[in-house]
Amino acid sequence: MASEFSRTLSLLRQERGVSQRTAAGDLGISQALLSHYENGIREPGLLFVVKACDYYHVSADFILGRTLSREGSMLTSEEILNAAEPGNVLQGSILATLQSKLLSGAVGVLFGLLGKLGDKAAINAASEYLSSAVYQLYRHLYRAAGANEAYFSLDPAACTMGLAGADMKLSEARYARALRGQTAQKAEFPNLSSHAIADAYPGRCQSLTQVLSAADARLSALSESKS
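Residues numbered from 1 in each chain as written. Predicted model: local features only at pLDDT ≥ 70, side-chain atom pairs only at ≥ 80, totals over all residues. Heavy atoms only, no water.

(A) Layout of the overall build of the protein chain. Check the secondary structure of the protein chain and you find 12 helices and 0 strands. Taken from the N to the C terminus, the helices and strands of the protein chain come in the order α-α-α-α-α-α-α-α-α-α-α-α. Among the 227 residues that make up the protein chain, the fraction classed as buried is 33%. (Helix = DSSP H or I, 4+ residues; strand = E, 2+ residues; numbered from the N terminus. Buried < 20%, exposed > 50% of the residue type's maximum accessible area, 1.4 Å probe, protein only.)

What follows is the structure, given as structure tokens:
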């Protein structure tokens, strides 16, 4: 939590476009102390956290790294259901339905942003990446259920060798290359600030926030366990 706080504190100041000296003065502390906070050398008290939240207009949960939503909100079950298809009738497991809505909302925002960028190679690569993930997960379910895998042209043994994962890696590489090409051409990328995303995708922005937050937490924990 301390490392997330120091990183977020530094990023918020940079985003605001002010120097450490200016921010420290506005927050009523010395520049040296703010530097210690931003570098994780010292941990602040509650009073400073409150001041920083007011200064940068974010929630305590956000500045402490507990959520990627600046307002500090996390989706409720009802909000997840209403985000993509208001009035949807639940079928089967509620958990499965909620996760489906969460992911479909996040993917919808992703492709909406890619559509604004207009790079066909990036859009196709993203689609292929996600399609391979769905294919791999479905094949596992199909196999576990004892269904006839002759339905698929890919041999079951080849499927278990990680070909879908390899295809995802290749798709990811094509996706990254396409985006680098857009950067090199100085293309106009869509605004990815939290406020812009919320304005452009009011019904689905929280789905993206929650998916990113959960994945970021899992990957961070994995990274720490390997270090």
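(B) Up close: the packing of helix α2 (residues 20-27) against helix α4 (residues 46-56). One can describe the packing of α2 onto α4 by two numbers: an axis separation of 10 Å at closest approach and a directional angle of 115°. The angle between the axes of α2 and α4 places the two elements in the roughly perpendicular class. At the point where α2 passes α4, the crossing takes the right-handed sense. Seen from α2, the contacting residues are Thr22, Ala23, Asp26 and Leu27; seen from α4, they are Phe48, Lys51, Ala52, Tyr55 and Tyr56. (Axes fitted to C-alpha atoms, helices over the stretch in contact; angles between N-to-C directions. Parallel < 35°, antiparallel > 145°, perpendicular 65-115°, else oblique. Left-handed = near helix turned anticlockwise from the far one by under 90°. Contact = heavy atoms within 4.5 Å.)

(C) Spatial organisation of the confidence of the model for the protein chain. Residue-level pLDDT values for the protein chain average 83, and 83% of them are 70 or greater. The least confident element of the protein chain is helix α6 (residues 77-84), whose mean pLDDT is 51; the most confident is α2, at 95. For residues 88-92, every residue scores under 50 in pLDDT, and the model assigns this stretch 5 contacts once sequence neighbours within four places are set aside. (pLDDT = per-residue confidence, 0-100.)

(D) Just unusual backbone geometry, in detail. At His57, a residue that is not glycine, the phi angle is positive and equals roughly 60°. Tracing the backbone shows His57 in the loop between α4 and α5 (60-63). Within the chain, Lys186 stands out as a residue other than glycine whose phi angle is a positive 55°. Tracing the chain through its elements places Lys186 in the loop between α10 (163-184) and α11 (194-200).

(E) Examining the packing of aromatic side chains more closely. As enumerated under the stated definition, the model contains 8 aromatic pairs in all. The interplanar angle of 65° and the centroid separation of 6.5 Å between the aromatic rings of Tyr138 and Phe152 together place this pair among those described as edge-to-face. Remark: Phe152 occurs in the loop between α8 (120-144) and α9 (156-160) and Tyr138 occurs in helix α8; sequence separation between them is 14 residues. On the basis of relative accessible area, Phe152 is assigned to the buried category, the value being 14%. Three or more aromatic residues joined by ring pairs form one cluster here, namely Tyr135, Tyr138, Tyr142, Tyr151 and Phe152. (Phe/Tyr/Trp six-rings, centres within 6.5 Å; stacked < 30°, edge-to-face > 60°.)

(F) Focus on the side chain of Glu38. Tracing the chain through its elements places Glu38 in helix α3 (residues 31-38). Look at Glu38 and you get buried, because its relative accessible area is 8%. Of the polar contacts made by the side chain of Glu38, one reaches the side chain of Arg13; its length is 2.7 Å. For Glu38, the side chain forms a polar contact with the side chain of Gln20, separated by 2.9 Å. (Polar contact = N/O pair within 3.5 Å; in protein donor to acceptor, adjacent residues only side chain to side chain.)

(G) Local environment of the packing of α2 against α3. At their nearest, the axes of α2 and α3 sit 8 Å apart, and the two run at 105° to each other. Between α2 and α3, the interaxial angle falls into the category roughly perpendicular. In this structure, α2 uses Gln20, Arg21, Ala23 and Ala24 to contact α3, whose residues at the interface are Gln31, Leu34, Ser35 and Glu38. In the contact of α2 with α3, the residues fall into 3 nonpolar, 3 polar and 2 charged. (Nonpolar A, V, L, I, M, F, W, Y, C, P; charged D, E, K, R; others polar.)

(H) Representation of the pattern of salt bridges within the structure. For the structure on display, the rule yields 2 salt bridges. The salt bridge involving Glu38 is made with Arg13; its shortest N-O contact spans 2.7 Å. Here Arg13 lies in helix α1 (residues 2-16) and Glu38 lies in helix α3, a separation of 25 residues in the sequence. (Salt bridge = Lys/Arg side-chain N within 4 Å of Asp/Glu carboxyl O.)

(I) How the structure looks around the nonpolar core. With 19 residues, the main nonpolar core has Leu9, Phe48, Tyr56 and Ile63 as its most contacted residues. Mapped by element, the contributors of at least two residues to this core are α1, α2, α3, α4 and α5. The dominant element in this core, judged by the number of residues it contributes, is α4, at 6 residues. Residues within four places of Leu9 in sequence aside, it is in contact with Leu34, Tyr37, Glu38, Phe48, Ala52, Tyr56 and Ile63. (Core = buried A, V, L, I, M, F, W, Y, C linked by side-chain atoms within 4.5 Å.)

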